[in-house]
Amino acid sequence: MKILVIHGPNLNLLGLREPEVYGRYSLEEINKDIREEAERLGLEVEIVQYNGEKEIIEKLHSAINQFQGIIINPGAYTHYSIAIRDAIAAVRLPTIEVHLSNIYSREEFRHHSVTAPVCLGGIYGFGVASYLLALRALKMVLEER
Ligand code: DQA
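Position numbers for residues start from 1 in each chain and track the written sequence from start to end. In view of the model being predicted, local features appear only for residues whose pLDDT reaches at least 70, and side-chain atom pairs are presented and counted only at 80 or more, with totals across whole chains, interfaces and linings using the full set of residues. Note that water and hydrogens are dropped before the side-chain values are worked out from all heavy atoms of the structure.

Our next topic: the overall build of the protein chain. In this description a helix means any DSSP run of H or I spanning at least four residues, a strand means any run of E spanning at least two, and both kinds are numbered starting from the N terminus. When helices and strands are counted, the protein chain shows five helices and five strands. Reading the helices (α) and strands (β) of the protein chain from amino to carboxyl end gives β-α-α-β-α-β-α-β-β-α. For the protein chain, whose C-alpha radius of gyration is 14 Å, the value lies close to the compact-globule estimate of 15 Å for 145 residues. Counting only C-alpha atoms, the protein chain reaches 40 × 30 × 25 Å along its principal axes. Only protein chains enter the accessibility calculation, which uses a 1.4 Å probe. A residue is then buried if its area is under 20% of the maximum for its type, exposed if over 50%, and partly exposed in between. Evaluated residue by residue, the protein chain yields a buried proportion of 48% over its 145 residues. What makes two residues a contact is simply this: any of their non-hydrogen atoms within 4.5 Å. Restricting the contact set of the protein chain to residue pairs at least 6 apart, pairs at least 24 apart contribute 77%. What sets the accessible areas is the Shrake-Rupley method with a 1.4 Å probe; for residues, cover comes only from the shown protein chains. Entry remark: accessible area of the protein chain is about 7,400 Å², with carbon and sulfur atoms responsible for 50%. Only four residue types enter the charge count: Lys and Arg as positive, Asp and Glu as negative, with His and the chain ends excluded. A charge is said to be at NZ when it belongs to Lys, at CZ for Arg, at CG for Asp and at CD for Glu. The centroid of the 15 positive side-chain charges in the protein chain is displaced by 2 Å from the centroid of its 19 negative side-chain charges. We compute the radius of gyration from the C-alpha atoms alone; for a globule the expected value is 2.2 Å times N to the 0.38, where N is the number of residues.

Our focus in this paragraph is unusual backbone geometry. The phi dihedral of N10 is positive, around 75°, even though this residue is not glycine. Tracing the backbone through its elements, the reader meets N10 in the loop between β1 (2–7) and α1 (19–22). For N10, a relative accessible area of 36% puts it in the partly exposed group.

This part is about the site of the ligand. Being near a molecule or strand, for a residue, means having at least one of its heavy atoms within 4 Å of it. In the neighbourhood of the ligand, the contacting residues comprise R17, Y22, N73, G75, A76, H79, H99, L100, S101, I103, R106 and R110. Whenever two N or O atoms come within 3.5 Å, that pair is a polar contact, provided that in protein one can donate a hydrogen and the other can accept it, and provided that, for residues adjacent in sequence, both atoms are side-chain atoms. A distance of 2.7 Å is found between an oxygen atom of the ligand and a side-chain nitrogen or oxygen belonging to H79. Between the ligand and S101 there is a distance of 2.6 Å, counted from an oxygen atom to a side-chain nitrogen or oxygen.

Turning to the pairing of strand β3 (residues 69–73), a few remarks are in order. Within β3, five of the five residues are buried, which leaves it mostly tucked inside the rest of the structure. In β3, alternate side chains face the same way, and those of G69, I71 and N73 on one face and I70 and I72 on the other are all buried. Looking at chain direction, β3 and strand β4 (residues 95–99) are connected through three bridges and run parallel. Bridge assignment links I72 to a residue of β4, and that residue is E97. For the handedness criterion, the β-α-β arrangement of β3, helix α4 (residues 82–91) and β4 is classed as right-handed. At least two DSSP bridges between two strands are needed for those strands to be called paired. We call a crossover right-handed when, viewed with both strands directed away from the observer, the connection leading from the first strand over the helix to the second proceeds clockwise.

With that settled, the discussion passes to the packing of aromatic side chains. Only centres within 6.5 Å qualify two rings of Phe, Tyr or Trp (six-membered ring in Trp) as a pair; their planes then separate them into stacked at under 30 degrees, edge-to-face at over 60, and tilted for everything else. Per the stated rule, a full pass over the model turns up two aromatic pairs. Arranged with centres 5.0 Å apart and planes meeting at 65°, the rings of Y104 and Y124 form a pair that is edge-to-face. In this pair, Y104 sits in the loop between β4 and β5 (121–124) while Y124 sits in strand β5, placing the two residues 20 residues apart along the sequence. Under the relative-accessibility criterion, Y124 is labelled partly exposed at 35%. The ring of F67 carries the charged tip of K2 above its face, separated from the ring centre by 4.9 Å. Two conditions define a charge located above a ring, namely a distance within 6 Å from the ring centre to NZ of Lys or CZ of Arg, and an angle within 35 degrees of the ring normal.

The next subject is the sheet that holds β1. Strand order in the open sheet made by the five strands is β2-β1-β3-β4-β5, with parallel pairing throughout. Two strands bound the open sheet, and with one partner strand each, they are β2 (44–49) and β5. Taking each pair of neighbouring strands and ignoring which way they run, the sheet shows an average axis angle of 20°. Pairing between β4 and β5: four bridges, direction parallel. Bridge pairing links I96 to G121 in β5. Here helix α2 (residues 27–41) sits on the sheet and contacts β1 and β2; the angle it forms with β2, its principal contact strand, is near 165°. Orientation is described by lines fitted to C-alpha atoms, with helices fitted over the stretch in contact, and by angles between N-to-C directions that extend from 0 to 180 degrees.

What follows is the structure, encoded as structure tokens:
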């Protein structure tokens, strides 16, 4: 089973960026944990990070017939990108939305996700564990299909 993990904008700065909110782990360190968990679960993963909406949309399109599931942290696009929402809906692969932080305990503009309704489910607030739990959830869902 091949899973695509997409990190959205500004996540390349993890470790430096608001560590009190996002923790001190760099994206590299998070990716290492994701790869290790995927290996334990017997999943293949490709991990990408894009700051641009266009690149995220193009990568989602290319996932058709290539991946069995998607884990996406759309970053700030979560809150307003109808284009990314439409791409997730178009691709029709089981998709889990993740966030490092608990978006519902933060500023009000983060309380709404336009992408969540087209995802299978979401996991937020657990730091790197949000991604690891999403891998487990996707594996369970895919095995049941
Ligand atoms: C985030 C939450 C978003 O509101 C924010 O814009 C991010 C990171 C998270 O992982 O907690 O860039 O997606």
